[in-house]
Amino acid sequence: MKKSIILAVMLLAFMFNVTPISAQTHKSPMYEKGYKADVQIGPVIDSDYTLYTLSTSHGYSFGNGLYIGGGIGLHITPVDMGGHKTRYQVPVFAEIKYSFLNRLVSPFVDLKAGGFYDYTLGGAGYMIRPSIGVDIWRFSVSAGWDHNRFRWQNGGLGNPGWHVGVSYNF
């Protein structure tokens, strides 16, 4: 039985050309110097409704756990507002992230801040999203506060809420 499991793992590693994690010199991608990118999905939950987010960030890792980059995303809110059944927003942001440990599992802090355009209502505004989380090899799970404000022709609105995200780090 033990030989069958070892053979299956070796076969999978060969098929996907995966270097075993134990053989890698760096266990956390944030401790590898150079270009990094991620794709993140998750909801923002506030007292009135839930909005769904998809974003990507691209930047540079300094090799000591510090990452600085920028990104773009899409926020989709299924709510009846201004005669529209769904609201679409496009955030553009700067991001700074620090991963504390060069280990397979590492806690981190993250801050995204920038502006966004509300495509549905034609307004513009800003967003701030501080969060904490944990890197688990190339995956991250985070939670934090999401705050945005925007203005359009008929007024302004803010959507503070709690964000939960899952991302894959390239």
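Refer to the structure printed above.
The text that follows walks through the structure, step by step, so that each part is easy to find. (Residues numbered from 1 in each chain as written. Predicted model: local features only at pLDDT ≥ 70, side-chain atom pairs only at ≥ 80, totals over all residues. Heavy atoms only, no water.)

## As for the overall build of the protein
Point 1. When helices and strands are tallied, the protein shows one helix and nine strands.
Point 2. What you see in the protein, going N to C, is helices and strands ordered as α-β-β-β-β-β-β-β-β-β.
Point 3. When the 170 residues of the protein are sorted by exposure, 38% land in the buried category.
Point 4. Sequence-distant contacts, at least 24 apart, represent 52% of the contacts inside the protein between residues at least 6 apart.
Point 5. When the accessible surface of the protein is split by element, carbon and sulfur atoms take 69% of a total near 9,800 Å². (Helix = DSSP H or I, 4+ residues; strand = E, 2+ residues; numbered from the N terminus. Buried < 20%, exposed > 50% of the residue type's maximum accessible area, 1.4 Å probe, protein only. Contact = heavy atoms within 4.5 Å. Areas by Shrake-Rupley, 256 points an atom, 1.4 Å probe, with all protein chains shown as cover.)

## Side note on unusual backbone geometry
Point 1. Of note, W137 is a non-glycine position whose phi angle comes to about 55°, a positive value.
Point 2. The class for W137 is partly exposed, based on a relative accessible area of 26%.

## Here's the deal with the pairing of strand β6 (residues 123–136)
Point 1. As defined by bridge partners, strand β5 (residues 105–118) adjoins β6 across 14 bridges and the pair is classed as antiparallel. The residue bridging G114 from the neighbouring strand is M127, located in β6.
Point 2. Counted between consecutive antiparallel strands, the loop separating β5 from β6 contains four residues, among which G122 sits at a positive phi close to 75°. (Pairing = 2+ DSSP bridges.)

## Description of the pairing of β5
Point 1. Bridging between strand β4 (residues 87–99) and β5 involves 11 bridges; their strand directions are antiparallel. Within β5, the residue paired with S99 across the bridge is F108.
Point 2. Connecting β4 to the next strand, β5, in antiparallel fashion are five residues.

## Description of the packing of aromatic side chains
The relative placement of two aromatic rings is captured by the distance of their centres and the angle of their planes.
Point 1. Under the counting rule described, the total for this entry stands at four aromatic pairs.
Point 2. Here the aromatic rings of Y60 and F62 are separated by 5.0 Å at their centres, their planes lie at 80°, and the arrangement is edge-to-face.
Point 3. Residue Y60 is classed as partly exposed on the basis of its relative accessible area, which comes to 33%.
Point 4. F62 sits in the partly exposed class, given a relative accessible area of 39%.
Point 5. Within the aromatic cluster, the residues linked to one another by ring pairs are F139, Y168 and F170.
Point 6. Directly above the aromatic system of F108 lies the positively charged group of K97, at a separation of 4.2 Å from the ring centroid. (Phe/Tyr/Trp six-rings, centres within 6.5 Å; stacked < 30°, edge-to-face > 60°. Lys NZ or Arg CZ within 6 Å of the ring centre and 35° of its normal.)

## Thoughts on the pattern of salt bridges
Point 1. Scanning the model with the defined rule gives four salt bridges in all.
Point 2. D118 is paired through a salt bridge with R87; the nearest N and O atoms lie 2.9 Å apart. Here R87 lies in strand β4 and D118 lies in strand β5, a separation of 31 residues in the sequence.
Point 3. With a relative accessible area of 0%, D118 lands in the buried category.
Point 4. R87 sits in the buried class, given a relative accessible area of 1%.
Point 5. Measuring nitrogen to oxygen at the nearest pair gives 2.7 Å for the salt bridge that ties D146 to R129. (Salt bridge = Lys/Arg side-chain N within 4 Å of Asp/Glu carboxyl O.)

It is worth stressing that arrangement in space is one thing and function is another; only the former is reported here.
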